[in-house]
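Residue-level listing of the chains:
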Amino acid sequence: MAESMYIHIPFCNRICTYCDFNKVLIDNQPVDAYVDALIKELKQIDPQTLRTIFVGGGTPTALDEAQLEKLLIEINNRFTVTEEFSFEANPDELTMAKLDLLHKYGVNRISLGVQTFNNELLRVLGRSHNYDDIFRAINHLEEIGLTNYSIDLMYNLPGETMADIEDSLKYISELKPKHISWYSLIIEPHTVFYNRIRKGQMKVDDDEAEGEKYMHIIKALDGLGYPQYEISNFSAPEYESEHNKTYWKNDEYFGVGAGSHGYIGGRRYFNIKPVNHYIQSMEQEGTVVKETLELKLKEQMEEEMFLRLRMNRGVDIRRFEEKYGRSIDSVYGKTIEDEISKGNLERSGGHIYLTEAGRLVGNSVFIGFLN
Ligand code: SF4
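Small disclaimer: the values here were computed from a predicted structure and weren't measured. (Residues numbered from 1 in each chain as written. Predicted model: local features only at pLDDT ≥ 70, side-chain atom pairs only at ≥ 80, totals over all residues. Heavy atoms only, no water.)

1. Overview of the pairing of strand β6 (residues 109–115)
Where burial is concerned, most of β6 is hidden: seven out of the seven residues are buried. Of the strand pairs in this sheet, strand β5 (residues 79–89) and β6 are connected by four bridges, and their pairing is parallel. Its bridge partner lying in β6, Ser86 is registered against Arg109. Where β6 meets strand β7 (residues 149–155), five bridges bridge the pair, whose relative direction is parallel. Looking at the pairing, Ile110 lines up with Tyr149 of β7. (Buried < 20%, exposed > 50% of the residue type's maximum accessible area, 1.4 Å probe, protein only. Helix = DSSP H or I, 4+ residues; strand = E, 2+ residues; numbered from the N terminus. Pairing = 2+ DSSP bridges.)

Here it is, written out as structure tokens:
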């Protein structure tokens, strides 16, 4: 049974050069109609108690205060959140007024899209905020007492040096956030970055330099009291992201909004993506158009493997066997042994997990389970 919900806000005040998320520039968009459609979709889910809700995007803080409040009231009317109610926020949009609203309606965690503390790199990324905005937003968070926030960063940025990584680590040691997400920049097709790299106008690190930065980040954050718990996530004790762990544990969740995915009753569903089509489908048909994919047992087991291996504690062997009625070795014994012999996986304490070397080549290990 699903205990988590993701809600998607597909609007941004500016489009970043590397982004391939489901988002549109907010100017001239039917934002009010979108919020109304979202509320209609929420009303189709029975009122209930959930462990976590995550409102992401796009950028949820691109909504104005009236739109935010309307959405928050509806969420509060229908759902009780027992553990984590998270909002993604851009530093320049996290005004005191918006933060007051989030706080008033029970949001207890903020995922702050910092990306880097270097103004020049922020400009290259096409972000709308700068260094000062980051500190202003964090001051607001501290002032209001919403201290459970994640600083979300990227590395492997074009032109980034080790000094930039060191700067970010220095700010982390001073600010003491509860959580850090630190992802390597992925150059996705159909983005401005992709075209610039293709034309030779820009380059990012080769695999070796990227790997060095990654290992440095893991070790340095560990030294600052943020052990790694997932490939790109680090937290102070007791502050791992409960919502994101829903995905990595392969547990079920509702997905609400344009382009959202959900996982209910062994089926993955994918809501229609374009904002206008989403609104139309809610207005005209009273329900969201979605594709549904019923996962066969084999696919469920594959997903269990590669999602759980993202976490440092890896796959719980007994849980796998209880959930699927098969011994893990009867299904994946050869792949597991191959990866152990290559030094990418380890088996101990009833778990199978990536080694340090395995984390550097995680995707190639995951692919081994997709046969
Ligand atoms: S703010 Fe986020 S969702 Fe919007 S364009 Fe930038 S990276 Fe994409």
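Let us keep going from here.
2. Quick notes on the site of the ligand
What surrounds the ligand is the set Cys12, Arg14, Ile15, Cys16, Tyr18, Cys19, Phe21, Lys23, Gly58, Thr59, Asn90 and Arg127. Of the residues in the shell around the ligand, the class split is six nonpolar, three polar and three charged. (Near = heavy atom within 4 Å. Nonpolar A, V, L, I, M, F, W, Y, C, P; charged D, E, K, R; others polar.)

3. A closer look at the packing of aromatic side chains
Inspection of the entire model under this criterion finds 16 aromatic pairs. Between Tyr332 and Phe369, the aromatic rings sit 5.2 Å apart at their centres with planes inclined by 75°, giving edge-to-face as the arrangement. Taken together, the residues span a long stretch of sequence, with Tyr332 in helix α13 (residues 328–341) and Phe369 in the segment after α15 (362–367) at a distance of 37 residues. In textbook terms, an aromatic cluster arises when at least three aromatic residues are bridged by ring pairs, as seen for Phe117, Tyr131, Phe135 and Tyr171. Geometry around Tyr239 places Lys178 over its ring, the cationic atom sitting 5.4 Å from the centre. One cation-aromatic arrangement involves Lys290 over Tyr269; the distance from NZ or CZ to the ring centre is 4.4 Å. (Phe/Tyr/Trp six-rings, centres within 6.5 Å; stacked < 30°, edge-to-face > 60°. Lys NZ or Arg CZ within 6 Å of the ring centre and 35° of its normal.)

4. Focus: the environment of Ala37
Take Ala37: it is sitting in helix α1 (residues 31–43). Among the residues examined, Ala37 registers a relative accessible area of 2% and is labelled buried. Considered as a pair, Ala37 and Gly286 are 249 residues apart in the sequence and their alpha carbons are 9.0 Å apart. Once residues within four sequence positions are removed from consideration, Ala37 is found in contact with Tyr278, Ile279 and Met282. (Contact = heavy atoms within 4.5 Å.)

5. With respect to the pattern of salt bridges
Using the criterion set out here, one finds 27 salt bridges in the structure. Between Arg51 and Glu83 there is a salt bridge, and its shortest N-O distance comes to 3.1 Å. Of this pair, Arg51 sits in strand β4 (residues 48–57) while Glu83 sits in strand β5, and the two are 32 residues apart along the sequence. Glu83 gets classed as partly exposed once you look at its relative accessible area, which sits at 37%. Across the pair Glu242 and Lys245 runs a salt bridge, and its minimum N-O distance is 3.2 Å. (Salt bridge = Lys/Arg side-chain N within 4 Å of Asp/Glu carboxyl O.)

6. Some points on the side chain of Glu302
Position of Glu302 among the secondary structure elements: in helix α11 (residues 297–308). Those residues in contact with Glu302 that lie beyond four places of it in its chain are Tyr332, Phe369, Leu370 and Asn371.

7. Topic: the environment of Ser235
Within the secondary structure, Ser235 sits in strand β10 (residues 233–235). Owing to a relative accessible area of 3%, Ser235 belongs among the buried residues under this scheme. If near-sequence neighbours (up to four positions away) are discounted, Ser235 is found in contact with Lys178, His179, Gly225, Tyr226, Pro227, Tyr229 and Glu240. A polar contact of 3.3 Å, which involves the side chain of Ser235, links it to the backbone nitrogen of Glu240. (Polar contact = N/O pair within 3.5 Å; in protein donor to acceptor, adjacent residues only side chain to side chain.)

8. Some remarks on the environment of Tyr214
Relative to the helices and strands, Tyr214 resides in helix α8 (residues 207–223). Residue class for Tyr214 comes out buried when judged on its relative accessible area of 5%. Through-space distance from the C-alpha of Tyr214 to that of Ser235 is 16 Å; in sequence the pair is 21 residues apart. Ignoring sequence-local partners within four residues, the contact set of Tyr214 consists of Tyr155, Gln228, Ile231, Arg359 and Leu360. At 3.0 Å, the side chain of Tyr214 forms a polar contact with the side chain of Gln228.

9. Quick look at the domain arrangement of the chain
If you check the domain split of the chain, you get domain 1 (4–248) and domain 2 (297–367). With centres defined by C-alpha atoms, the gap from domain 1 to domain 2 works out at 29 Å. In this complex, domain 1 contributes 14 residues to the contact, which on the side of domain 2 involves 11 residues. A per-residue breakdown of the area domain 1 buries against domain 2 is headed by Met215, Ile231 and Trp248, which together make up 45% of the total. Connecting domain 1 to domain 2 are eight residue pairs in polar contact (both at pLDDT 80 or more). Secondary-structure elements contributing two or more residues to the side of domain 1 that touches domain 2 are α8, β9 (228–230) and α9 (242–248). Partitioning the side of domain 1 that touches domain 2 into residue classes produces seven nonpolar, three polar and four charged. (Domains from an automatic or database assignment. Buried area = accessible area lost by both parts, 1.4 Å probe.)

10. Description of the layout of surface pockets
Roughly 170 Å³ of volume is contained in the second largest pocket. Lining the second largest pocket are 14 residues; nearest its centre among them are Met1, Asn250, Asp251, Glu252 and Lys323. Looking at the lining of the second largest pocket, the elements that each hand over two or more residues are α11 and α12 (317–324). For the lining of the second largest pocket, a count of residues per class yields four nonpolar, five polar and five charged. (1 Å grid on protein atoms, 1.4 Å probe; cavity = no way out; pocket = protein on both sides within 12 Å on 5 of 7 lines; lining within 4 Å. Points joined across faces, edges and corners; volume = space filled by probe spheres on them.)

11. What about helix α6 (residues 162–175)?
Across its 14 residues, α6 extends 20 Å between first and last C-alpha, which sits within 8% of the 20 Å expected from 1.5 Å per residue. Asp164, Ile165, Ser168, Leu169, Tyr171, Ile172 and Leu175 are the residues of α6 that are buried. End-on view of α6: buried residues confined to an arc of 160°, all on one side of the axis. Where α6 is buried, its residues meet α4 (119–125), α5 (131–144), β7, β8 (179–184) and α8. Lys176, located one to two residues past α6, shows a positive phi value of around 55°. (Expected span 1.5 Å × (residues − 1). Arc of directions from axis to C-beta.)

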